[in-house]
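Tertiary structure, described
The chain contents come next:
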Amino acid sequence: MTLISLVYLGFFAAAALINYLLPRVVRPYFLLIANYAFYCYSPENRPLALVLAGATLVTWVCGFVIGKSRNKALRVIFLLLAVGGGIGILLYYKYWNMLADALAGLTGGAVPHLNLIAPLGLSYFTFAALSYTIDVFRKRCRVEPNLLHYAMFVSFFPTMITGPIERYPHLRPQIQASRRFSYSRCAGGLFRILWGYMKKMVIADNLSRYVGFVYGAPDTMNGPNLVAATVLFAIQLYMDFSGCCDIALGVARILGYDLIENFNSPFEATSFSEFWARWHISMTGWFRDYVYIPLGGSRCGMARRLLNILIVFLVSGLWHGADWRYLMWGLFCGVASAIGRATFPVRKRLWRYNPLYRADWLRVLLQRCITFLLFILSLVFFAGALYNADPYAVYAGMVQGWQNAWDSVRTTLYDTGIDGRLPVVLTCAAAIVLAAESHGRSVARWIRRQNFVLRWTLYYAAGAAILCFGAFGQSAFIYQQF
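Residues numbered from 1 in each chain as written. Predicted model: local features only at pLDDT ≥ 70, side-chain atom pairs only at ≥ 80, totals over all residues. Heavy atoms only, no water.

Looking at the overall build of the protein chain
Each helix and strand in the protein chain was counted, giving 20 helices and 0 strands. For 482 residues, the compact-globule estimate of 2.2 N^0.38 gives 23 Å, and the protein chain sits close to it at 23 Å. Burial statistics for the protein chain: of 482 residues in total, 51% are counted as buried. Taking the average place of the 43 positive charges on the side chains of the protein chain and the average place of its 21 negative ones, the gap between the two points comes to 14 Å. (Helix = DSSP H or I, 4+ residues; strand = E, 2+ residues; numbered from the N terminus. Rg over C-alpha atoms; globule rule 2.2 N^0.38 Å. Buried < 20%, exposed > 50% of the residue type's maximum accessible area, 1.4 Å probe, protein only. Lys, Arg positive; Asp, Glu negative; His and termini not counted. Charge placed at Lys NZ, Arg CZ, Asp CG, Glu CD.)

Shown next as structure tokens:
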């Protein structure tokens, strides 16, 4: 059941209606049933629901023992049991074949590959469950005695496909005290869903036709097409992923729950470190709190701090999938972030001597352009993993064949079916979205403050854009596979 299917919309509408018809004390239990019904919709996911239930039960029991016990050794043992179980599930379902190849290389023997289907939302629900156990161990979260409330948090269906990765202290009070029906909340949630669909179906899916065509055969493409596809992939990835999060936040808001925001105008970042504080905030925060800080964080010397940054990004790359290109993407981002952190004091002192930095607006513009350039260069590895392309061939091809650049890009666009007025529509739509979301603005909150005529004009305009220009039947959300 994908987020852009009519089945999902029907399921969500029925769940929301029944949820508000039930007494408030019963609603978390109904949503728990709805969560598992959503999970078991696809036949291949039904046996894997046991993995979700098992991870929920193990982390809840471990958290309960950790929270109630005063024996330090026992607390550590159950923490290791929870962490080992969560990581073990990830290693088995996502990384077994990669580990098998590594073991075969070390031992010289043959380690069999397994044709495993990863459980839906594996990376998301394991991280959410592990955060609860670790927070209980650190005494940052109280023990949850109600297993069903905790199970509802781990399996919450709006966050199951692509996050955001929630924390239990944030959702716990919302689960325990279900909200009354609110027209204002539902109207804001519906527009957030509509906004997400427009970003996904109108912009991301149309751009994916060109990006997939170019990255599908990079050896046959010249530099202008490879550069254009890489830049457009950055826009596609943002519209795809943030659009999915908009849908998730809108669905949860209608059900009475406020999820954490996952994006904060990342393309306005003036440094690579700031970019990752604005992009996929829930995952970045998870790695910061549960990997970077335990490694020593910023409390140690500069060399160790830079090593910690590098480790975090390598783990982040591995989290995305068992592919060396994701690992290289993480390495690229880690090295760029570490260099930026190490050179920041020197660069800040040199700003006063740079004539281009005398005007603040020009300095900010240049820094944003440099940050965006680093991001799109890193995405060559990411896109290579998604489209099974050789990233080094893409880098090499970027500097070749720049004769008649515009004509070659236009010809390739026509070959993919993107012709006529569609490029103009995509350009305008992307510009409107980025402008509307600038400075971390909440579009749904902003539109609720407008008058009736403007609100409904925007509602109809977004709906018409989806119907007229939406790429129906295109790919699922990119981050759904992680």
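Focus on the nonpolar core
Across soluble globular proteins, nonpolar side chains show a tendency to be buried alongside one another. Judged by nonpolar contacts, the single largest core of 141 residues is most densely connected at Tyr 8, Phe 38, Phe 125, Tyr 257, Trp 276, Trp 279 and Phe 375. Broken down by element, this core gets its largest block of residues, 18 residues, from helix α10 (residues 223-255). Dropping the residues within four chain positions of it, Phe 375 is found in contact with Ala 234, Phe 267, Phe 272, Phe 275, Trp 276 and Trp 279. (Core = buried A, V, L, I, M, F, W, Y, C linked by side-chain atoms within 4.5 Å. Contact = heavy atoms within 4.5 Å.)

Quick notes on α10
With 33 residues, α10 should cover 48 Å at 1.5 Å per step; its first-to-last C-alpha distance of 48 Å lies within 8% of that length. Counted residue by residue, α10 has 29 buried out of 33 residues, so it is predominantly covered. Looking at the residues trailing α10, positive phi occurs at Gly 256, about 105 degrees. (Expected span 1.5 Å × (residues − 1).)

With respect to the packing of aromatic side chains
One pass over the structure, following the stated rule, counts 53 aromatic pairs. Ring centres of Phe 191 and Tyr 459 lie 5.5 Å apart, and the angle between their planes is 45 degrees; this geometry places the pair in the tilted category. With a gap of 268 residues between them, Phe 191 in helix α9 (residues 183-216) and Tyr 459 in helix α20 (residues 452-469) connect regions that are remote in the sequence. Take Phe 191: its relative accessible area is 4%, and that puts it in the buried class. Taking the centre distance of 6.2 Å and the plane angle of 90 degrees together, the rings of Phe 272 and Trp 276 count as edge-to-face. Note that Phe 272 and Trp 276 are positioned in helix α11 (residues 272-278) at a spacing of 4 residues, about one turn of the helix. Here Phe 272 matches Trp 276 in class, with each residue buried. The residue whose ring lies beneath Lys 94 is Trp 319, and the NZ or CZ to ring-centre distance is 5.7 Å. (Phe/Tyr/Trp six-rings, centres within 6.5 Å; stacked < 30°, edge-to-face > 60°. Lys NZ or Arg CZ within 6 Å of the ring centre and 35° of its normal.)

Here we look at helix α17 (residues 405-415)
Listing the buried residues of α17 in full gives Ser 408, Val 409, Thr 412 and Leu 413. Down the axis of α17, the smallest arc covering the buried residues is 140 degrees, so these residues share one side. Those residues of α17 that are buried lie in contact with α9 and α10. Downstream of α17 by one or two residues, Gly 417 has phi in the positive range, about 90 degrees. (Arc of directions from axis to C-beta.)

Thoughts on unusual backbone geometry
That bond from Gly 163 to Pro 164 is cis: its omega, 5 degrees, falls within 30 degrees of zero. Inspection of the secondary structure puts Pro 164 in the loop between α7 (157-160) and α8 (168-176). You will see that Asn 388, though not glycine, has its phi angle at about 55 degrees, which is positive. Overall, Asn 388 belongs to the exposed group, its relative accessible area being 62%. Of note in the backbone geometry, His 439 takes a positive phi value of approximately 60 degrees without being a glycine. Note on placement: His 439 falls in the loop between α18 (422-436) and α19 (443-448).

Topic: a nonpolar patch on the surface
There is a patch of nonpolar side chains on the surface, built from Phe 181, Tyr 183, Phe 452, Val 453, Trp 456 and Tyr 460 and spanning about 760 Å² of accessible area. Looking at where Phe 181 falls in the secondary structure, it is placed in the loop between α8 and α9. (Patch = residues over 30% accessible without salt bridge, like charges linked within 9 Å, V, L, I, M, F, W, Y side chains within 5 Å. Areas by Shrake-Rupley, 256 points an atom, 1.4 Å probe, with all protein chains shown as cover. Salt bridge = Lys/Arg side-chain N within 4 Å of Asp/Glu carboxyl O.)

Focus: the packing of helix α13 (residues 302-320) against helix α14 (residues 324-350)
Orientation of α13 relative to α14, taken along the N-to-C sense of each, is 155 degrees, at an axis distance of 7 Å. Comparing their axes, α14 and α13 come out roughly antiparallel. Pair α13 / α14 crosses with right-handed handedness. For the pair α13 and α14, contact is made by Met 302, Arg 305, Leu 306, Ile 309, Leu 310, Phe 313, Leu 314, Ser 316, Gly 317, Leu 318 and His 320 and by Tyr 326, Leu 327, Trp 329, Gly 330, Leu 331, Cys 333, Gly 334, Val 335, Ser 337, Ala 338, Arg 341 and Ala 342, respectively. (Axes fitted to C-alpha atoms, helices over the stretch in contact; angles between N-to-C directions. Parallel < 35°, antiparallel > 145°, perpendicular 65-115°, else oblique. Left-handed = near helix turned anticlockwise from the far one by under 90°.)

Section: the environment of Tyr 290
For Tyr 290, the location among the structural elements is in helix α12 (residues 281-292). Measuring from C-alpha to C-alpha, the distance between Tyr 290 and Ser 131 comes to 7.8 Å, with 159 residues separating the pair along the chain. If near-sequence neighbours (up to four positions away) are discounted, Tyr 290 is found in contact with Ser 131, Ile 134, Asp 135, Arg 138 and Arg 167. A polar side-chain atom of Tyr 290 sits 2.9 Å from a polar atom in the side chain of Asp 135. (Polar contact = N/O pair within 3.5 Å; in protein donor to acceptor, adjacent residues only side chain to side chain.)

Structural notes on the pattern of salt bridges
Counted according to the given criterion, the structure contains 15 salt bridges. For Asp 240, the salt bridge identified is with Lys 200, shortest N-O distance 2.8 Å. With a gap of 40 residues between them, Asp 240 in helix α10 and Lys 200 in helix α9 connect regions that are remote in the sequence. Side by side, Asp 240 and Lys 200 carry an identical accessibility label, which is buried. The salt bridge partner of Asp 289 is Arg 288, with a shortest N-O separation of 3.0 Å. What makes Asp 289 buried here is its relative accessible area of 12%. If you follow the salt bridges from partner to partner, you end up with Arg 192, Lys 199, Asp 246, Glu 261 and Glu 437 in one network.

Don't take any of this as a statement about function, it's just geometry.
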